[in-house]
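Close look at the chain arrangement
Next come the chains, spelled out residue by residue.
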Amino acid sequence: MYKILDVNEWNRKDHFEFFGQFDHPYFDICCHVDCTGAYQQAKDEGVSFFQLYLYYSLQAANEIIPFRYRIKDGQVLVYDKVNASPTISRGDGTFGFGYIDFHEDKEAFFTASAEEIQRVQNSRGLVPAVSGENVIHYSSLPWINFTAISHARHSLFRDSIPKISFGKVAEEKGRMLMPLSVSVHHGLMDGYHVSQYIDRFGELLNQV
């Protein structure tokens, strides 16, 4: 479900209209997040680190309201909830697209995500997920400790879905750090809002 934002009453109306005219209205921020707590939690509980940080990322994104904004037919929709459309790697070096609903209950999310991961891994081709716009496009590159990243985009297809990527975890001075890339539509949010997401994600990763 969603509601329509009254752009005329929005304090970012000028920003929305200004960046909406750009051919490429996206900006990207890369940083490293401390994931020491979640990394150890996954080991202690014998659960998937990928599923754990994906859960915390979705929790943070749902809390930071601009990550639930989407543009459709010139209007800004505010979704009640956003879910995950991640790339899921297979043993043969390929990947497929998946779709995972966000559940506030962590165990329910783990069950749903485990089923979807298995489904995609047992399939062939891209298996595009019919997920709608109330998703975040996720990708993981656990082989690369990247410092920058770019995404393939269709120049004629204007979407406003955030893209979040994770990289290879590395230890530094006793802490586990993971590369994080956030790509968003500048008409819907600014660096301030991305920083809110990054800070909240970091808190959740280390709340244990």
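As the structure is a prediction and not an experimental result, all values here were calculated from the model. (Residues numbered from 1 in each chain as written. Predicted model: local features only at pLDDT ≥ 70, side-chain atom pairs only at ≥ 80, totals over all residues. Heavy atoms only, no water.)

So, the pairing of strand 5 (residues 83–89)
Rules: Relative accessibility thresholds used throughout: buried, under 20% of the residue-type maximum; exposed, over 50%; partly exposed, between the two (1.4 Å probe, protein chains only). Here a helix means four or more residues in a row that DSSP labels H or I, a strand means two or more in a row labelled E, and each is numbered from the N terminus. Two strands make a pair as long as DSSP finds a minimum of two bridges between them.
For strand 5, the buried fraction is high: 5 of the 7 residues fall into the buried class. In this sheet, strand 7 (residues 135–140) lies alongside strand 5 in parallel orientation, the contact comprising 4 bridges. What sits directly across from Asn 83, in strand 7, is Val 135. Bridge count for strand 5 against strand 6 (residues 95–97) is 3 bridges, and the pairing is antiparallel. Bridging across to strand 6, Thr 87 finds its partner in Phe 97.

So, the packing of aromatic side chains
Note the threshold: The aromatic pairing rule takes the rings of Phe, Tyr and Trp, using the six-membered ring of Trp, and pairs them if the centres are within 6.5 Å, calling planes under 30 degrees apart stacked, those over 60 edge-to-face and the rest tilted.
The tally for this structure, following the rule as stated, stands at 19 aromatic pairs. Here Tyr 2 and Tyr 79 contribute two aromatic rings whose centre-to-centre distance is 5.4 Å and whose plane-to-plane angle is 65 degrees, an arrangement assigned as edge-to-face. Here Tyr 2 is found in strand 1 (residues 2–4), whereas its partner Tyr 79 is found in strand 4 (residues 75–79), with 77 residues between them in sequence. Here Tyr 2 falls in the partly exposed class, since its relative accessible area comes to 44%. Members of the aromatic cluster, each reached through a chain of ring pairs, are Tyr 39, Phe 49, Phe 50, Tyr 53, Phe 67, Tyr 138, Phe 166, Tyr 197 and Phe 201.

Considering the nonpolar core
Where we set the bar: Throughout, nonpolar core names a set of buried Ala, Val, Leu, Ile, Met, Phe, Trp, Tyr and Cys residues whose side chains join them through atoms within 4.5 Å. Only heavy atoms enter the contact rule, under which two residues are in contact if any of them lie within 4.5 Å.
In this structure, Phe 67, Ile 164, Leu 180, Tyr 197 and Phe 201 are the most contacted members of the largest nonpolar core, which totals 38 residues. Per-element tally for this core: the top contributor is helix 3 (residues 49–63), with 9 residues. Those residues in contact with Leu 180 that sit more than four places away from it in its chain are Ile 29, Cys 30, Cys 31, Val 33, Phe 146, Ile 164, Ser 165, Phe 166, Tyr 197, Ile 198 and Phe 201. Counting 7 residues, the second largest nonpolar core, distinct from the first, contains Trp 10, Phe 16, Tyr 69 and Val 76.

Quick look at the environment of Ala 170
Position of Ala 170 among the secondary structure elements: in strand 9 (residues 170–172). Along the primary structure Ala 170 and Asp 44 are separated by 126 residues, whereas in three dimensions their C-alpha atoms are 18 Å apart. For Ala 170, the contacting residues outside a window of four places in its chain are Asn 145, Arg 175, Met 176 and Leu 177.

Topic: helix 4 (residues 106–121)
For the α-helix, the turn length of 3.6 residues means that residues three or four positions removed from each other point alike. Our working rule: Expected helix span is given by 1.5 Å per residue-to-residue step, counting one fewer step than there are residues. The directions considered for the arc are those from the helix axis to the C-beta atoms. We call two N or O atoms a polar contact when they sit within 3.5 Å, provided that within protein one can donate a hydrogen and the other can accept it, with sequence-adjacent residues counted only if both atoms are side-chain atoms.
The terminal C-alpha atoms of helix 4, which comprises 16 residues, lie 22 Å apart, in line with the 22 Å expected from a rise of 1.5 Å per residue. Along helix 4, the residues classified as buried are Phe 109, Phe 110, Ser 113, Glu 116, Ile 117 and Val 120. Around the axis of helix 4, the buried residues are gathered within 140 degrees of arc, so they sit on the same side. Facing away from the buried side of helix 4 by more than 90 degrees, the exposed set consists of Glu 107, Glu 115 and Gln 118. One side-chain oxygen of the residue at the start of helix 4 lies 3.3 Å from the amide nitrogen of Glu 107, identifying that residue as Asp 105.

A short note on the UniProt feature "active site" (unreviewed entry) in the protein chain
Note the cut-off: UniProt positions are given in the numbering used here, feature names are shortened, and annotations may be inferred rather than shown by experiment.
Within the UniProt annotation, "active site" (unreviewed entry) is assigned to His 186. With respect to the secondary-structure elements, His 186 resides in the loop between strand 10 (175–185) and helix 5 (191–205). With residues up to four places along the chain from it excluded, the contact list for His 186 reads Arg 12, Phe 19, Pro 25, Tyr 26 and Phe 27.

Some details on the pattern of salt bridges
For the record, the criterion: Just to be clear on terms, a salt bridge is a Lys or Arg side-chain nitrogen sitting within 4 Å of an Asp or Glu carboxyl oxygen.
Overall, the coordinates contain 5 salt bridges when judged by the stated rule. As a salt-bridge pair, Arg 175 and Asp 34 come within 2.9 Å of each other at their nearest N and O atoms. Within this pair, whereas Arg 175 is found in strand 10, its partner Asp 34 is found in strand 2 (residues 26–34), the two being separated by 141 residues in sequence. Note on Arg 175: relative accessible area 37%, which makes it partly exposed. For Asp 34, a relative accessible area of 24% corresponds to the partly exposed category. Of the charged contacts in the structure, one is a salt bridge between Arg 200 and Glu 203, with a shortest N-O distance of 3.1 Å. One end of the pair, Arg 200, and the other, Glu 203, are both in helix 5, 3 residues apart, so they sit about a helical turn from each other. Within the structure, one salt-bridge network assembled from shared partners comprises Glu 63, Arg 200 and Glu 203.

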